[in-house]
Amino acid sequence: MTVLPIWKQALVLLALSAGVSPSAVAAPADGSVKRFVAEDATPGGGKPDAACLVLAVAMAFDADHVYVVDAEDCAVKVFAKNGTFVRAIGRKGRGPGEFSFPSGVSVFGGRLTVADKLNHRLQVLDAAGRHVRSFALPFAPDRVLVLAADRRLVTRNASGRNGPEKMLYLFGGGGELLREELTARSTGDPVVDAFRNMFIVIPGAGGDFFVVWKSQDRSILHYGRDGALVERIPVDGRYAFRPFSLAVRGTRKALEAFCWECAADRGRFYLLPPEDTDDGDLGPGHELFVLDGAGRLEARIELPCRVVRLAVDGDRIYAVDRDSELRIFRIRR
Amino acid sequence: MKKTLPLALAGLVLLSAALYFPTAVSAHDVNECYRDHQVCRERALNMDAPWTKVALALTVCDVALGKCILAVKV
């Protein structure tokens, strides 16, 4: 008897699933905040097959390029800042410069560091995509942020099987472990815990970084470059939780969804709250909330479409929409 | 006749179970079950789907893990 791999079974059942309707209530109270609109600046026209994104899971940018990790295509797709495709780096495999479900990317000093999830390693590549070195890891990395030449922050998803687990790991320049932080929340239900333990890391200035939980906590955690928690920034009350009732094995579990995706730029945070989908589920939103460094709500930016990933650079927003297309928006202030 | 029917039903159940679960010889070892489970969870968590669908995918991963371990131990 042929047995499909577990992930294929999951996808088959997922495809068979019809819309379940959890209750999602919304509505941050508005108050007097500025409202902006972001207009689409994505270049039109055809593009080569290699430019197509199958499952865009992470993005980063530097002065000239935007880097998008395509986990299914096992590659990092490089685009110019105007959206023009430049090249794809990597292919599926276990050798140098090859990836197995890459899940994170960071750019520092002209080099790319890629979280090569299922190969349990980080790979450092030069600007042309040539392999420079690899760091083996004792776990499957999720995201990576290079904070300084001698500081790499790596996140992992909690397995839910090994008791209290850490989810942030700080490594030194030689790959030595310097610090572990952020203990996974545990209720004993692996599905609920998976949601409670979803978080986003975003780079800050001077090697600092921020952590934003996707649910259950309405604050932004500020960590220093040494991996120690500096402060907990409370988020403005006008940016509200979205209560969500999750159906898990016949019972309903209450979750408070907070943030789908976020970015930081020039001392401001850009939080994307989840929104109801057409079939009553909870999906990515299409409005960005701009917070100042103290967590106060400054503005709201309406995007032309729902997005799942984003990065902000001045008045430009680089995003991946729900069809895994790279989109470029210009903020009209 | 009264005894035949339960016996036939029991046989049917055993046959179904034997067909449903892969045999111990062809099954992976438990470590492979956990490796597959990890891949399954990571894909579910990275698929950016609405939450109910992700929850469903995670549940399927857990069910498949149980099935895989059971198959190894049968």
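Sequence order as written defines the numbering, with residues in each chain counted from 1. Chain labels run from A onward and ligand labels from 1 onward, assigned in the order the entries are written. Selection of residues for local features in this predicted model requires a pLDDT of at least 70, selection of side-chain atom pairs for listing and counting requires 80 or more, and totals for whole chains, interfaces and linings are taken over all residues.

Remarks on the overall build of chain B
Put simply, the rule reads: Secondary structure elements are defined from DSSP: runs of H or I of at least 4 residues count as helices, runs of E of at least 2 residues count as strands, and each element is numbered from the N terminus. By definition, residues are in contact whenever their C-beta atoms, placed on the basis of the backbone, come within 7 Å of each other.
If you tally the helices and strands in chain B, you get three helices and zero strands. Ordered by position from N to C terminus, the α and β elements of chain B give α-α-α. Expressed as a percentage of contacts within chain B between residues at least 6 apart in sequence, the contacts between residues at least 24 apart total 70%.

Concerning the overall build of chain A
Cut-off, in case you're wondering: C-alpha atoms define the radius of gyration, and 2.2 Å times the number of residues to the power 0.38 defines the globule rule. Every C-beta atom is placed from the backbone, and the number of other C-beta atoms within 10 Å of a residue's own sets its class: buried at 20 or more, exposed at 12 or fewer, partly exposed in between.
Scanning chain A from terminus to terminus reveals two helices and 30 strands. For 333 residues, the compact-globule estimate of 2.2 N^0.38 gives 20 Å, and the C-alpha radius of gyration of chain A, at 19 Å, lies within 12% of that figure. With the principal axes as the frame, chain A shows a C-alpha extent of 55 × 50 × 45 Å. By residue count, 42% of the 333 residues in chain A fall in the buried class. Considering only residue pairs separated by 6 or more positions, chain A has 45% of its internal contacts joining residues 24 or more positions apart.

A word on the confidence of the model for chain A
The cut-off we apply is this: As a per-residue quantity, pLDDT reports the predictor's confidence and falls between 0 and 100.
Of all residues in chain A, 90% attain a pLDDT of 70 or more, and the chain-wide mean is 89. A low-confidence stretch, residues 10–29 of chain A stays under pLDDT 50, and its non-local contacts, those more than four residues away or across chains, total 40 contacts.

Notes on the sheet that holds strand E11 (residues 131–136) of chain A
Residue and element names in this part refer to chain A. What counts, and what does not: Should DSSP find at least two bridges between two strands, the strands are taken to pair. For helices, the fitted axis covers only the stretch in contact; all axes are lines through C-alpha atoms, and the angles between them, taken along N-to-C directions, range from 0 to 180 degrees.
If you trace the four strands from one edge of the open sheet to the other, you get E8-E9-E10-E11, paired in antiparallel fashion. Of all strands in the sheet, those with a lone pairing partner are strand E8 (102–108) and E11, marking the two edges. Strand-to-strand twist of the sheet, defined as the mean angle between neighbouring strand axes without regard to direction, takes the value 20 degrees. Pairing analysis gives five bridges linking strand E10 (residues 121–125) to E11, with the strands arranged antiparallel.

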